[in-house]
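# Summary of the model geometry
Here is how the chains run, residue by residue.
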Amino acid sequence: MKVTCFCATSPATSLSGPATCVSKVELRVSCKALLDRDTLNKSDPCVIIMVQTNGQWTELDRTEVIKSNLHPVFAKVFTLDYYFEEVQKLRFEVYDIHGTHSIGTRDDDFLGGVECTLGQIVAQKKMVKPLLLKYGKYAGKSTITVHAEEISGNNGYVELSFCAKKLDDKDLFSKSDPFLEIYRINDDETEQLVHRTEVIKNNLNPVWEPFKVSLISLCSCDEERKLKCLVWDYDSRGKHDFIGEFYATFREMQKISSGNKVTWDCVNPKYKQKKRNYKNSGVVILSDLKLHRVYSFLDYIMGGCQIHFTVAIDFTASNGDPRNSCSLHYINPYQPNEYLKALIAVGEICQDYDSDKRFSALGFGARIPPNYEVSISVPISALLEQYYIQGVVEAYQNCLPKIQLYGPTNVSPIINRIAKLAAGDGNIKDASRYHILLILTDGVVTDMADTREAIVRASYQPLSIIIVGVGNADFTDMQILDGDDGVLRSPKGEPVLRDIVQFVPFRDFKTASPAALAKCVLAEVPKQVVEYYSHKAISPMCPLRESLTPILTPHLLH
């Protein structure tokens, strides 16, 4: 069986339009070592999943109640829309249910809860956390485990090659003219034609042309679904002669391997009933199966791909003296400046997808001590790697009094540096790490030609670039870097391999929530990730779909 990798992309989200759902995710929940609240028997647990909207928690759904069990594995499956560009906050609460009593009527009913984001769950694929009681107290050794699995309505297609041998001869003066029909048997026992082969004239050992069919059409993404296969002798008047039939499943078809074929007896039920020594009316052979899988963004993330986040901050003099309240770098103890707002909005989402939570933070355009020479890219603290976004925020605040804002606004060295980091040794063979570079600047770059060249080079690496214009400058010339209005080209005319830049002025989001900015600038990242790995023909490191068993189930038909 040959497997070819293709990647599914999702359309970008416009500023004014709603978020594009990257995928749907199923969550399965289990608990261990729950507190025993009942006197005569064990707790009867139930889990409620809650979502936070506009700061308010509301119930989304709940599991069934499992009687007298401190280690429940719930059958209920939660299905959620997943958006990479949003922080989707979830809360799981476990209760001991007493008959018809409503949940939460007594403190004793509460067995513990935990808060997280959907991004954290899908990045880990399996999240295990301790349950907490009120005021952050641990609920003994109680834990909750949440398994995530992506579901999709399109998981690729399959190419099948059939032949037959020693078919019954239905013609008097010549041999049979066989063709094959495959029907999918639906849940209501109706039959849906999936494919009809061409007719092979005058041949009892036909070899039919390979054909392609989507997994949805073939078996409704259910590898155990029965397929009814009929072999006919063609008749030009439409009165085809029945040769025989057999039943198959896609699971059986997948047993084909190098050098081996899958065969079925082609049986005519009437002959089988009447003839004592009847064996078959020939055999049908599956000689080749090529599975073309369509990988999605979540396949890569849940397969172990880490999103490495780097921020580059403009420290040119045009920002104004940080000690002055009019400066874009002024640190107001009561309200973050625009640089911090953009950094936090984007960084808080990206940190869910990097297991070590360490982020690179660079500055450009500053003169640094002790010699106060201009640095094209300087770490904004003694350590290049900062732990969590809050660490980057603190490093930024701490470095401002120590540097001198200067210039120019050159970003090509930053892009080249991160592109080189993303390239590694130049021989990337797996989907282990993808980079996002966030550039925060208060003006049009002064090295536009070099920046265009750097972006074209970077488009061949696992890298996406987000540029946020801070302040009230005229950013019209910056729009050229965002390929939305046409293909970005280097000064020599070479086009980018793929669109990797998203530019937005922060002022468009001044009255909006930080989430709106993140949603806009990150919406294209899932598409860019799968485009890169598709171009390289790189599969997820640990695909959830090593076999099709986990995904080929009827519930995918949403």
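The coordinates are above.
Summarised in this report is the structure supplied together with it. What you see is a predicted model, and the numbers here were worked out from it, not measured in a lab.

### So, the packing of aromatic side chains
One pass over the full model with this rule turns up 17 aromatic pairs. Geometrically, the ring pair formed by Phe162 and Phe211 is stacked, given 6.2 Å between the ring centres and 15° between the ring planes. With Phe162 in strand β10 (residues 157-165) and Phe211 in strand β13 (residues 211-214), this pair connects stretches of sequence that are 49 residues apart. Since its relative accessible area comes to 6%, Phe211 is described here as buried.

### A look at empty space enclosed by the protein
Following the criterion strictly, the structure yields one cavity of 30 Å³ or more and no others. Contributing to the lining of the largest cavity are Glu86, Val87, Gln88, Thr117, Gly119, Ile349, Asp352 and Tyr353. Of the residues assigned to the lining of the largest cavity, the class counts are three nonpolar, three polar and two charged. Shared between two domains, the lining of the largest cavity takes at least three residues from each, and those domains are domain 1 (23-151) and domain 3 (297-536).

### A closer look at the environment of Val51
When you line up the elements, Val51 lands in strand β3 (residues 45-53). Taking the C-alpha atoms as reference points, Val51 and Lys89, 38 residues apart in sequence, are found 6.0 Å from one another.

### Thoughts on the pairing of strand β19 (residues 358-364)
Successive residues of a regular strand alternate their side chains across the two faces of the sheet. Counted residue by residue, β19 has six buried out of seven residues, so it is predominantly covered. Bridge analysis of strand β18 (residues 306-314) against β19 gives five bridges, and the strand direction is parallel. Looking at the pairing, Ile313 lines up with Gly363 of β19. The parallel pair β18 and β19 is bridged by helix α6 (residues 338-350), and the resulting crossover is right-handed.

### A short note on the nonpolar core
Core analysis: the largest hydrophobic core is formed by 91 residues, its most contacted members being Leu27, Leu90, Phe92, Ile144, Phe309 and Leu522. For this core, the element with the most residues is α6, which contributes eight residues. Looking at which domains feed residues into this core, each of domain 1 (23-151) and domain 3 (297-536) gives three or more. Of all hydrophobic cores here, the second largest spans 32 residues; its members include Ala164, Leu218, Cys219 and Cys266.

Parameters and conventions
- Residues numbered from 1 in each chain as written.
- Predicted model: local features only at pLDDT ≥ 70, side-chain atom pairs only at ≥ 80, totals over all residues.
- Heavy atoms only, no water.
- Phe/Tyr/Trp six-rings, centres within 6.5 Å; stacked < 30°, edge-to-face > 60°.
- Helix = DSSP H or I, 4+ residues; strand = E, 2+ residues; numbered from the N terminus.
- Buried < 20%, exposed > 50% of the residue type's maximum accessible area, 1.4 Å probe, protein only.
- 1 Å grid on protein atoms, 1.4 Å probe; cavity = no way out; pocket = protein on both sides within 12 Å on 5 of 7 lines; lining within 4 Å.
- Points joined across faces, edges and corners; volume = space filled by probe spheres on them.
- Nonpolar A, V, L, I, M, F, W, Y, C, P; charged D, E, K, R; others polar.
- Domains from an automatic or database assignment.
- Pairing = 2+ DSSP bridges.
- Right-handed = clockwise from strand over helix to strand, strands pointing away.
- Core = buried A, V, L, I, M, F, W, Y, C linked by side-chain atoms within 4.5 Å.

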